[in-house]
Amino acid sequence: MNPENRPLLGDSEVPDSPTFVSSFKVTATSSYVNLLLVFVPIAIVFSNIHASDTVVFSLNFLAIIPLAKLLGFATEEIALRSGSTIGALLNATFGNAVELILGIIALKEGLIRVVQASILGSILSNVLLVLGFCFLLGGLKRTEQTFNITAAQTSSSLLALTTLSLLVPAAFYATTPSDNEDGILKLSHGTSIVLLIVYLLFLFFQLKTHTFLYEDELDESEEPSTTLSFSIITLLVVACIVSLHAEYLVGAIEGVVEAWGINETFVGIILLPIVGNAAEHVSSVTFAIKNKMNLCIGIAVSSSLQIGLLVSPILVLIGWAIGQPMTLFFKNFETVILFTSILIVNYLIQDGRSNWLEGVLLLSSYVIIAMAFYFHP
């Protein structure tokens, strides 16, 4: 069993054939993070008695973290039955489910800047924060770690395309009259459709024609500790609960921005992605420590690709459907930061090797960017 998911209480041995009851026990005691589940009912109560925005935001922030961890645990259990490639894809997908839910709810509320910042923040947190911790903690006891170069270069190219999809609207805006918002909106709609097609083709590449590039060696000692039906039920139930907390969280953002004296961009780029990506944060680092770098890169980088090629276009098209002018035009400051961040990541992963110092470089970049957004007016 995954050491990260080993029960904290009682006998750590799992029956050869997991039952519904044993699955519940293993899931409930899988991590110390589950202790934060106590905040789930507390957050719901305080949100419904109309407590202050600061209290509502903080409680729901804490409640979503263990729920995201449960999503990660359930997808890891399913991944043990489906192989590392599909497992990484599932982990990234359900990890980003939290991000998509937060984005849709914020979009319905008209908080377009928060949605855009959340998209950018998710990409940055995955390629700088998560990957940084993976390289650092995975490399502490090893001279270097290796992963498939071709897969890494393919991911680098797709990250570059994601950056291009944000650079082009920025360049378009800078070279056309300031009142040409309709042109940017139409450009964003068309670009979103292209990105979705590219993502579908990437899935075909990853799951059908070039699966061997993304597979890690199987660990025969790891076996599922929950039933498949229990894992699927957990995914669905937890996703519903997350959507409830996401609604409370987003509803409190404006009050928090005013009370804390920070801007919406900082909340969207730094705070929300930490919550939304908690599941893949933990999973990626766990696999890096086990030296399963293909799986680690698959989760961290694929999650960023999903945000850029799937979640972002979907949110733009949903905005189109519900009448919200969601576009792929970000502020110049944000676009430049994304471009330089992806440039650094591409340099570090293109050789198919990593070490702890590269992890320090990525984490340092994230800290500098976080400070920049905190002080940026």
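Colleague: How should the overall build of the protein chain be read in this particular structure?
Modeller: Within the protein chain one finds 14 helices and two strands. Within the span of the protein chain, comprising 377 residues, buried residues form 54% of the whole. A separation threshold of at least 6 residues defines the contact pool for the protein chain, and within that pool the share at least 24 residues apart is 83%. Here the protein chain displays about 16100 Å² of accessible surface, and carbon together with sulfur accounts for 67% of that area.

Colleague: Would you mind showing me how to read helix α3 (residues 53-82) here?
Modeller: Helical geometry: 3.6 residues make up each α-helical turn, so side chains three or four residues apart lie on a common side. Taking 1.5 Å per residue as the helical rise, α3 with its 30 residues ought to reach 44 Å, and the 42 Å between its terminal C-alpha atoms agrees with that figure. Across the 30 residues that make up α3, a large majority, 22, are buried.

Colleague: When you look at the packing of helix α2 (residues 39-48) against α3 in this model, what are you seeing that I'm missing?
Modeller: In a pair of packed helices, the angle between the axes and the distance between the axes together describe the arrangement. Where α2 contacts α3, the two axes come as close as 8 Å, and the packing angle between them is 150 degrees. The orientation of α2 relative to α3 falls into the category roughly antiparallel. The chirality of how α2 crosses α3 is left-handed. For the pair formed by α2 and α3, the contact residues are Phe39, Val40, Ile42, Ala43, Phe46 and Ser47 on the first element and Val55, Val56, Leu59, Asn60, Leu62, Ala63 and Leu67 on the second.

Colleague: Could you clarify how one ought to interpret unusual backbone geometry in this entry?
Modeller: Trans is the common state for peptide bonds, and a negative phi is the common state for residues other than glycine. Non-glycine residue His50 carries a positive phi angle of around 60 degrees. By the element assignment, His50 lies in the loop between α2 and α3. His50 gets classed as exposed once you look at its relative accessible area, which sits at 72%. With a phi angle near 65 degrees, Asn291 is a residue other than glycine that sits in the positive phi range. Note on placement: Asn291 falls in the loop between α11 (278-289) and α12 (293-322). Taking relative accessible area as the criterion, Asn291 reaches 39% and is therefore assigned partly exposed.

Colleague: How do you make sense of the side chain of Thr234 when you look at a structure like this?
Modeller: Here Thr234 shows up in helix α8 (residues 228-251). The buried category is assigned to Thr234, whose relative accessible area is 12%. When sequence neighbours within four positions are dropped, the list of residues in contact with Thr234 reads Leu70 and Ala74.

Colleague: Any chance you could explain the pattern of salt bridges here in plain terms?
Modeller: Once the charged atoms of two side chains with opposite charge are near each other, the side chains can pair. For the structure on display, the rule yields three salt bridges. Among the ionic pairs, Glu334 bridges to Arg113, the shortest N-O distance being 2.4 Å. Of this pair, Glu334 sits in helix α13 (residues 332-349) while Arg113 sits in helix α5 (residues 112-139), placing them 221 residues apart in sequence. A relative accessible area of 24% places Arg113 in the partly exposed class.

Cut-offs applied
- Residues numbered from 1 in each chain as written.
- Predicted model: local features only at pLDDT ≥ 70, side-chain atom pairs only at ≥ 80, totals over all residues.
- Heavy atoms only, no water.
- Helix = DSSP H or I, 4+ residues; strand = E, 2+ residues; numbered from the N terminus.
- Buried < 20%, exposed > 50% of the residue type's maximum accessible area, 1.4 Å probe, protein only.
- Contact = heavy atoms within 4.5 Å.
- Areas by Shrake-Rupley, 256 points an atom, 1.4 Å probe, with all protein chains shown as cover.
- Expected span 1.5 Å × (residues − 1).
- Axes fitted to C-alpha atoms, helices over the stretch in contact; angles between N-to-C directions.
- Parallel < 35°, antiparallel > 145°, perpendicular 65-115°, else oblique.
- Left-handed = near helix turned anticlockwise from the far one by under 90°.
- Salt bridge = Lys/Arg side-chain N within 4 Å of Asp/Glu carboxyl O.

Taken by themselves, the reported measurements are silent on function.
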